[in-house]
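Letter by letter, the chains look like this.
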Amino acid sequence: MPTYITLLNWTQKGIENVEDSLDRDEAGAKIVESQGGEVKDVYYTMGSYDNVVISEFPDDERYAKAILKVESEGYITGQTLKALPEDIIREFPE
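Residues numbered from 1 in each chain as written. Predicted model: local features only at pLDDT ≥ 70, side-chain atom pairs only at ≥ 80, totals over all residues. Heavy atoms only, no water.

## Here's the deal with helix 2 (residues 21-34)
Next, step 1: For helix 2, which comprises 14 residues, the first-to-last C-alpha distance of 20 Å matches the rise-based estimate of 20 Å (1.5 Å per residue) to within 8%.
Next, step 2: Of all the residues in helix 2, the buried ones are S21, R24, G28, A29, I31 and V32. Projected down its long axis, helix 2 carries its buried residues within an arc of 160°, all on one side. Of the exposed residues in helix 2, those oriented more than 90 degrees away from the buried face are L22, D23, E26, K30, E33 and S34.
Next, step 3: Summarising the contacts, the buried residues of helix 2 are in contact with strand 1 (3-10), helix 1 (12-16), strand 2 (38-44) and helix 3 (60-72). (Helix = DSSP H or I, 4+ residues; strand = E, 2+ residues; numbered from the N terminus. Expected span 1.5 Å × (residues − 1). Buried < 20%, exposed > 50% of the residue type's maximum accessible area, 1.4 Å probe, protein only. Arc of directions from axis to C-beta. Contact = heavy atoms within 4.5 Å.)

Structure (structure tokens):
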């Protein structure tokens, strides 16, 4: 399944309710699962982003539905990176 790396930042609403962030992580994972995806890892980070989530989905459309649902709740905004495994790069013609 395709891998997605999502770089997240808390909104003002998210930081005001930071004590609920672990509960929101669980709720987000349920949304991911409802679209056939799986959260592989969640990291709380220091620097430009507050969280990094690595997930897998069957396709871009299901990922889009999940991230739009999660973001529509108003606690986070994100950027998505679709990850390509190294073996795909090795297959590029010279």
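## A few points about the packing of helix 2 against helix 3
Next, step 1: Taken N-terminus to C-terminus, the directions of helix 2 and helix 3 make an angle of 150°; their axes are 9 Å apart at the nearest point. Comparing their axes, helix 3 and helix 2 come out roughly antiparallel. The interaxial crossing formed by helix 2 with helix 3 has right-handed handedness. Contacts from G28, I31 and V32 of helix 2 reach helix 3 at A66, K69 and V70.
Next, step 2: Looking at the contact of helix 2 with helix 3 residue by residue, the classes come out as four nonpolar, one polar and one charged. (Axes fitted to C-alpha atoms, helices over the stretch in contact; angles between N-to-C directions. Parallel < 35°, antiparallel > 145°, perpendicular 65-115°, else oblique. Left-handed = near helix turned anticlockwise from the far one by under 90°. Nonpolar A, V, L, I, M, F, W, Y, C, P; charged D, E, K, R; others polar.)

## Here's the deal with a nonpolar patch on the surface
Next, step 1: Taken together, the side chains of L84, I88, I89 and F92 define a hydrophobic patch exposed on the protein surface, amounting to about 380 Å² of accessible area.
Next, step 2: Take F92: it is sitting in the segment after helix 4 (86-90). (Patch = residues over 30% accessible without salt bridge, like charges linked within 9 Å, V, L, I, M, F, W, Y side chains within 5 Å. Areas by Shrake-Rupley, 256 points an atom, 1.4 Å probe, with all protein chains shown as cover. Salt bridge = Lys/Arg side-chain N within 4 Å of Asp/Glu carboxyl O.)

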